[in-house]
Amino acid sequence: CSMHTYRETVYLGDCQKTLEKVKAMIKGLKPAWNGRKYDRLHHNCCHFSEELAKALGVGPIPVWVHHLADVGEKLDKKMKDVIHK
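Everything quoted here is computed from the prediction, not taken from an experiment.

Chemist: Just give me the short version of the pattern of salt bridges, but keep the residues and values in it.
Modeler: Summed over all chains, the structure comprises two salt bridges. Salt-bridge contacts for Lys 80 lead to Asp 76; the nearest nitrogen and oxygen are separated by 3.1 Å. One end of the pair is Lys 80 and the other is Asp 76, both in helix α3 (residues 63-83) and four residues apart, which spans about a single turn. Residue class for Lys 80 comes out partly exposed when judged on its relative accessible area of 40%. Accessibility expressed as a relative area gives 14% for Asp 76, which makes it buried. The salt bridge involving Asp 81 is made with Lys 77; its shortest N-O contact spans 3.1 Å. Of this pair, Asp 81 and Lys 77 both sit in helix α3, separated by four residues, roughly a single helical turn.

See below:
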């Protein structure tokens, strides 16, 4: 993707699941992660990575990976709260 630059590989731990279980897990995640539901702040690739890591039973992704999206999400929520008061 031309909008992103690869930074580094982050070791999250060893997955103790079989290939078949991982495939089934990814298939189970598909409905919640199709392109139509993508949102830059609320439902993005960082959120997917976090959910996948959790499902795989490995460590969480580092905070710095999704920090900008988290800040944007909080600002968006506050802005909506102010507008809808």
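Chemist: Quick rundown of the nonpolar core? Include the residues and the values.
Modeler: A general trend in soluble globular proteins is that nonpolar side chains are found buried together. Core analysis: the biggest nonpolar cluster contains nine residues, these being Val 22, Met 25, Leu 29, Trp 33, Leu 52, Ala 53, Leu 56, Val 58 and Ile 61. Those elements that place two or more of their residues in this core are α1 (19-29) and α2 (45-56). Leaving out residues up to four positions away in the same chain, Leu 29 has contacts with Phe 48, Glu 51 and Leu 52.

Chemist: So, α2: which residues are in play, and what are the values?
Modeler: The end-to-end C-alpha distance of α2, which contains twelve residues, comes to 16 Å, matching closely the 16 Å that a straight helix rising 1.5 Å per residue would cover. Among the residues making up α2, those that are buried are Cys 46, Leu 52, Ala 53 and Leu 56. Projected down its long axis, α2 carries its buried residues within an arc of 125 degrees, all on one side. Considering only its buried residues, α2 is in contact with α1 and α3. For α2, the N-terminal cap is Asn 44; the gap from its side-chain oxygen to the backbone nitrogen of Cys 46 is 2.8 Å. Just beyond α2, the residue with positive phi is Gly 57, at close to 80 degrees.

Criteria and cut-off values
- Residues numbered from 1 in each chain as written.
- Predicted model: local features only at pLDDT ≥ 70, side-chain atom pairs only at ≥ 80, totals over all residues.
- Heavy atoms only, no water.
- Salt bridge = Lys/Arg side-chain N within 4 Å of Asp/Glu carboxyl O.
- Helix = DSSP H or I, 4+ residues; strand = E, 2+ residues; numbered from the N terminus.
- Buried < 20%, exposed > 50% of the residue type's maximum accessible area, 1.4 Å probe, protein only.
- Core = buried A, V, L, I, M, F, W, Y, C linked by side-chain atoms within 4.5 Å.
- Contact = heavy atoms within 4.5 Å.
- Expected span 1.5 Å × (residues − 1).
- Arc of directions from axis to C-beta.
- Polar contact = N/O pair within 3.5 Å; in protein donor to acceptor, adjacent residues only side chain to side chain.

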